[in-house]
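Inside the fold
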Amino acid sequence: MSFGETPITVIGNLTADPELKFTDSGQALAKFTVASTPRTFDKDSGQWRDGTSTFFRCAAWRSLAEHVAESLTKGSRVVLSGRIRQHDWKTPEGENRSMLAVEVDDIGASLRFTTVAINGKAAGKPDASGDPWNTAGGGEKPPF
């Protein structure tokens, strides 16, 4: 993460299946929305109450995008970390628009309410050759 970026961690549920697309240069991009809803316990009624949901539009790139599209579906409870990005544009009518989105650095299923099975060899784990990024097995070297 670069200096001056705004980090964020979000815990919530996907509102729909991720949309996987590819740029003209072949880069995978997964777009999805995560709803995060606070819950509080009402002692008077003895019930849990949902607060107002916050919806985070998210984008994941490259192999992470493909893993998101393959692994997560509508309703999946996730924990993600990333950076807040502001996107500015003009409408066809010339009006300025702006939105905040999360560029996802890492994401995983929350194990608080479910279990998951891990498939395949994890990238980033050394293989028999000692390659710490497992590039022969499909892993990617970090971009630094």
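Anyway, here's the lowdown on the structure attached to this text. (Residues numbered from 1 in each chain as written. Predicted model: local features only at pLDDT ≥ 70, side-chain atom pairs only at ≥ 80, totals over all residues. Heavy atoms only, no water.)

Section: a nonpolar patch on the surface
Our working definition: Patches here are clusters of residues that have more than 30% relative accessible area and form no salt bridge, with a 9 Å joining cutoff for like charges and a 5 Å cutoff for nonpolar side chains (Val, Leu, Ile, Met, Phe, Trp, Tyr). Reported accessibility uses the Shrake-Rupley method at a 1.4 Å probe radius. Residues are deemed covered only where the shown protein chains occlude them. For salt bridges, the criterion is a side-chain nitrogen of Lys or Arg within 4 Å of an Asp or Glu carboxyl oxygen. Numbering of helices and strands runs from the N terminus; a helix is a DSSP stretch of H or I covering at least four residues, while a strand is a stretch of E covering at least two. The rule is simple: take the accessible area with a 1.4 Å probe, protein chains only, and divide by the maximum for that residue type; under 20% is buried, over 50% is exposed, in between is partly exposed.
Taken together, the side chains of Leu111, Val116 and Ile118 make up a nonpolar region of the molecular surface, amounting to roughly 330 Å² of accessible area. In this fold, Leu111 is placed in the segment after strand S8 (96-109). Look at Leu111 and you get exposed, because its relative accessible area is 56%.

Looking at helix H1 (residues 62-71)
This is how it is decided: The reported arc concerns the directions from the helix axis to the C-beta atoms and nothing else.
Looking only at H1, the buried set comprises Leu64, Ala65 and Val68. With its buried residues spanning 105° around the axis, H1 presents them on a single face. Turned more than 90 degrees away from the buried face of H1 sit Glu70 and Ser71, all of them exposed.

Here we look at the packing of aromatic side chains
What counts here: Here is the rule: rings of Phe, Tyr and Trp (six-membered ring for Trp) pair when centre to centre is within 6.5 Å. Planes less than 30 degrees apart are stacked, more than 60 are edge-to-face, and the remainder are tilted.
Scanning all chains against the criterion turns up 1 aromatic pair. Between Phe41 and Trp48, the aromatic rings sit 5.3 Å apart at their centres with planes inclined by 65°, giving edge-to-face as the arrangement. Accessibility expressed as a relative area gives 43% for Phe41, which makes it partly exposed.

Re the environment of Ala35
Here is the rule we go by: Residue contacts are counted whenever heavy atoms from the two residues lie within 4.5 Å of one another.
Secondary-structure assignment places Ala35 in strand S3 (residues 28-36). Contact partners of Ala35, with chain neighbours within four places excluded, come to Gly12, Asn13, Thr15, Thr54 and Phe55.

As for the pattern of salt bridges
Considering all chains together, one arrives at 9 salt bridges under this definition. A salt bridge links Asp50 to Arg39, with the nearest nitrogen and oxygen atoms 2.7 Å apart. Here Arg39 lies in strand S4 (residues 39-42) and Asp50 lies in strand S5 (residues 47-50), a separation of 11 residues in the sequence. Residues Glu95 and Arg97 are paired through a salt bridge, measuring 2.7 Å at the closest nitrogen-oxygen approach.

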